[in-house]
Every structure is written in C-alpha cells, then in structure tokens.
Amino acid sequence: QLDQMERAVLRIGAFELLHCPEMPFRVVLNECVDLSHRFGSEQGHAYINAVLDKAARSWRSDELKDA
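From a predicted model like this one, the values you see are computed outputs, not experimental measurements. (Residues numbered from 1 in each chain as written. Predicted model: local features only at pLDDT ≥ 70, side-chain atom pairs only at ≥ 80, totals over all residues. Heavy atoms only, no water.)

1. Points about the nonpolar core
Here's step 1: One finds Val9, Leu10, Leu17, Phe25, Val28, Leu29, Cys32, Ile48, Leu52, Ala55 and Ala56 forming the largest nonpolar core, which totals eleven residues.
Here's step 2: Among the elements of the structure, α1 (4-19), α2 (25-39) and α3 (44-59) are those that each provide at least two residues to this core.
Here's step 3: Contacts of leucine 17, omitting those with residues within four sequence positions, involve Phe25, Val28, Leu52, Ala55, Ala56, Trp59 and Arg60. (Core = buried A, V, L, I, M, F, W, Y, C linked by side-chain atoms within 4.5 Å. Buried < 20%, exposed > 50% of the residue type's maximum accessible area, 1.4 Å probe, protein only. Helix = DSSP H or I, 4+ residues; strand = E, 2+ residues; numbered from the N terminus. Contact = heavy atoms within 4.5 Å.)

In structure tokens, the structure reads:
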C-alpha cells in the first residue's frame, strides 16, 4: 500500500518524464524526491527515487546516455 502523497508525487514525476522532454530528468527526480521528503512518509523519498530512476532509464534512455 502506497501513501497518498507518494502516489501523487509519482504521478507528477511520471507525467513530467513522459511529457516534458525540455526538463532534464535529474531535475524531475530531485524535485519529486524533495516533495516526498518534505510531505511524505519517513522513507517515502527513497522509494520515489528508485521508482522514478527506473522509469527515467526506460523512458529517457537517450538522455541517460548523454549524462
């Protein structure tokens, strides 16, 4: 079961990774982790980081090659 805040942050991050290619993936990850750290559960930020990192590797593999 996922906390409501983590679910919302994951949705925001997924949307930005998929539909905002002008925003670097590292910025998306950092902002989402920061939101989760501030407003989510105690270890929610680690989960958010892992899930969005895996999504970025899949959805933005071309950008990761350049980084």
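More follows now that the structure is in view.
2. A look at the packing of α2 against α3
When two helices pack together, their arrangement is given by the angle between the helix axes and by the axis-to-axis distance.
Here's step 1: One can describe the packing of α2 onto α3 by two numbers: an axis separation of 8 Å at closest approach and a directional angle of 160 degrees. On the basis of their axis angle, the class for α2 and α3 is roughly antiparallel. Here α2 and α3 pass one another in a crossing that is right-handed. For the pair α2 and α3, the contacting residues are Phe25, Leu29, Cys32, Val33, Ser36 and His37 in the first and Gly44, His45, Ile48, Asn49, Leu52, Asp53 and Ala56 in the second.
Here's step 2: Residue composition of the contact of α2 with α3, by class: seven nonpolar, five polar and one charged. (Axes fitted to C-alpha atoms, helices over the stretch in contact; angles between N-to-C directions. Parallel < 35°, antiparallel > 145°, perpendicular 65-115°, else oblique. Left-handed = near helix turned anticlockwise from the far one by under 90°. Nonpolar A, V, L, I, M, F, W, Y, C, P; charged D, E, K, R; others polar.)

3. Considerations on the packing of α1 against α2
Here's step 1: Look at α1 against α2: their axes get within 10 Å of each other, and the N-to-C directions meet at 170 degrees. Viewed along their axes, α1 and α2 adopt a mutual orientation that is roughly antiparallel. Contacts between α1 and α2 pair Met5, Glu6, Val9, Gly13, Glu16 and Leu17 from the former with Phe25, Val28, Cys32, Leu35, Ser36 and Phe39 from the latter.
Here's step 2: Looking at the contact of α1 with α2, its residues break down into eight nonpolar, two polar and two charged.

Worth remembering: the numbers are spatial, not functional.
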